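Summary of structural features
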Amino acid sequence: MKAAEDQVVEDEAGHQDDETKGFLTAFEYSAKRKQLFCVTTGSIEFDKLLGEGMESMAITESFGEFRTGKTQLSHTLCVTAQLPGEDSYTGGKVIFIDTENTFRPDRLKNIADRFNVDHDAVLDNVLYARAYTSEHQMELLDFVAAKFHEEGGIFKLLIIDSIMALFRVDFSSRGELAERQQKLAQMLSRLQKISEEYNVAVFVTNQITADPGAGMSFQADPKKPIGGHILAHASTTRISLRKGHGELRIAKIFDSPDMPENEATFTITPGGIADAKE
Ligand code: ATP
Ligand code: MG
């Protein structure tokens with residue numbers, strides 16, 4: 001049985017606002033793809049699961065129950081995105097959109113210590129905004145695009161923690177589901193465009209809900225991310241997070257067309273996301 005949120009017309013998702021973008025030759029497109037970079041998660045195992053880390057020109061979504069580390073991963077990425085990395089990656093600035101009021105600058109200081117970088121410099125390189133409604137969240141993307149345009153190449157990562165929380169509140173009744181999905185599709189289309197146009201990595205977190213259809217089958221995981229097909233199709237990579245023993249967490253590639261369904265174990269430390277010690 002299809003979830004109700006998937007039954008709504010999905011027009012908007014397919015209709016990217018493309019009038020400013022024309023054709024490129026495959027050669028030009030290939031040159032553009034060469035600018036791709038990856039931001040490390042802080043865990044080598046987790047990075048390997050994703051290839052090399054969170055890729056630019058793409059949306060990476062991670063979803064899981066409370067305390068699975070979505071916000072901690074977001075904080076870690078705020079710091080690691082600033083560090084020069086492999087393949088001549090220079091590091092750069094970050095924009096963090098917080099919908100749940102769980103961003104803590106002090107966490108960034110602890111994470112900065114782990115990577116031996118200056119507190120003030122790290123905090124200075126993260127632009128923070130709190131979104132209060134889904135509409136406000138969308139408006140903030142205008143600012144994000146303007147900022148990325150203004151300071152071309154300086155910003156490397158956009159984080160939205162979490163992408164769905166305000167949509168859930170603003171469109172809470174069943175009757176508003178179609179409208180919610182339509183608005184969501186517009187936002188995701190915008191995010192895709194931003195990530196490709198400015199060559200930034202977009203990282204979004206998401207919540208899960210019990211799947212009402214799961215009881216009818218022998219499905220291994222009865223929990224699924226919210227947002228329906230619209231979000232499923234917009235995210236380039238989807239990662240499910242779940243709890244292991246103690247501070248251990250397990251990341252799993254979910255529903256990827258081209259990656260095996262591998263898992264990686266990591267841990268949450270005062271210095272952010274890290275490899276689990278043997
Ligand atoms: P929610 O769905 O509620 O937003 P979440 O997936 O965002 O949850 P996080 O806030 O990222 O969850 O993870 C919280 C967990 O991170 C805590 O339960 C704890 O295990 C760990 N944690 C938080 N702060 C620290 C710290 N300073 N040092 C070590 N571990 C920490
Ligand atoms: Mg959180």
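Everything below is about the structure printed above this text.
Since this is a predicted model, take the numbers as computed values, not measurements.

1. Describing the packing of helix α5 (residues 70-80) against helix α6 (residues 105-114)
Where α5 contacts α6, the axes come no closer than 9 Å and their chain directions differ by 60 degrees. Overall, the two elements α5 and α6 adopt an arrangement that is oblique. The two elements α5 and α6 cross, and the hand of that crossing is right-handed. The segment α5 lies against α6, with Q72, H75, T76, C78 and V79 engaging R107, L108, I111 and A112. A class-by-class count of the residues in the contact of α5 with α6 yields five nonpolar, three polar and one charged.

2. Digging into the sheet that holds strand β13 (residues 272-275)
Across the sheet, which stays open at both edges, the nine strands sit in the order β5-β4-β6-β7-β3-β10-β11-β12-β13 with mixed pairing between neighbours. The outermost strands of the open sheet, each flanked by one partner alone, are β5 (126-130) and β13. Looking at each pair of strands side by side, their axes are set apart by 25 degrees on average, direction ignored. Pairing geometry for strand β3 (residues 58-64) and strand β7 (residues 201-206), over six bridges, is parallel. Across the sheet, E61 pairs through a bridge with V204, a residue of β7. Where helix α8 (residues 134-150) meets the sheet, its contacts fall on β4 (93-98), β5 and β6 (155-161), and the angle it forms with β6 comes to roughly 175 degrees.

3. Points about the site of ligand 1
Taken together, the neighbourhood of ligand 1 is formed by 15 residues, with R67, K70, T71, Q72 and E247 sitting nearest. Contact between ligand 1 and K70: an oxygen atom at 2.8 Å from a side-chain N or O atom of the residue. A distance of 3.4 Å is found between a nitrogen atom of ligand 1 and a backbone nitrogen or oxygen belonging to P270. Listed by contribution, the elements that provide at least two residues to the shell around ligand 1 are α5 and β12 (263-269). No other element matches α5, which puts three residues into the shell around ligand 1.

4. A closer look at the pattern of salt bridges
Think of it this way: side chains of opposite charge can pair up when their charged atoms draw near. Applying the stated criterion to the full structure yields ten salt bridges. Between R238 and E61 there is a salt bridge whose closest N-O contact spans 2.6 Å. Taken as a pair, R238 in strand β10 (residues 237-243) and E61 in strand β3 lie far apart in primary sequence, 177 residues in all. The residues R238 and E61 share a single accessibility class, namely buried. The salt bridge partner of K183 is E179, with a shortest N-O separation of 3.4 Å. Within this pair, K183 and its partner E179 are both found in helix α10 (residues 177-197), separated by four residues, close to a single helical turn. Given the relative accessible area of 39%, E179 is considered partly exposed. Linked by salt bridges that have partners in common, K93, K147, E150 and E151 make up one network.

5. Quick notes on the packing of aromatic side chains
Per the counting criterion, the structure on display carries nine aromatic pairs. Between F148 and Y198, the ring centres sit 6.0 Å apart and the planes meet at 65 degrees, which makes this aromatic pair edge-to-face. Residue F148 is located in helix α8, and its partner Y198 is located in the loop between α10 and β7; the two are separated by 50 residues in the primary sequence. Owing to a relative accessible area of 2%, F148 belongs among the buried residues under this scheme. Residues F167 and F171 carry aromatic rings whose centres are separated by 6.2 Å and whose planes lie at 20 degrees to one another, so their mutual orientation is stacked. A single burial state applies to F167 and to F171, both of which are buried. Ring pairing ties together the aromatic residues F96, F103 and Y128, which thus form one cluster. Sitting over the face of the ring of F66, K243 holds its NZ or CZ atom 4.2 Å from the ring centroid.

Conventions adopted
- Residues numbered from 1 in each chain as written.
- Chains lettered and ligands numbered in written order.
- Predicted model: local features only at pLDDT ≥ 70, side-chain atom pairs only at ≥ 80, totals over all residues.
- Heavy atoms only, no water.
- Axes fitted to C-alpha atoms, helices over the stretch in contact; angles between N-to-C directions.
- Helix = DSSP H or I, 4+ residues; strand = E, 2+ residues; numbered from the N terminus.
- Parallel < 35°, antiparallel > 145°, perpendicular 65-115°, else oblique.
- Left-handed = near helix turned anticlockwise from the far one by under 90°.
- Contact = heavy atoms within 4.5 Å.
- Nonpolar A, V, L, I, M, F, W, Y, C, P; charged D, E, K, R; others polar.
- Pairing = 2+ DSSP bridges.
- Near = heavy atom within 4 Å.
- Polar contact = N/O pair within 3.5 Å; in protein donor to acceptor, adjacent residues only side chain to side chain.
- Salt bridge = Lys/Arg side-chain N within 4 Å of Asp/Glu carboxyl O.
- Buried < 20%, exposed > 50% of the residue type's maximum accessible area, 1.4 Å probe, protein only.
- Phe/Tyr/Trp six-rings, centres within 6.5 Å; stacked < 30°, edge-to-face > 60°.
- Lys NZ or Arg CZ within 6 Å of the ring centre and 35° of its normal.

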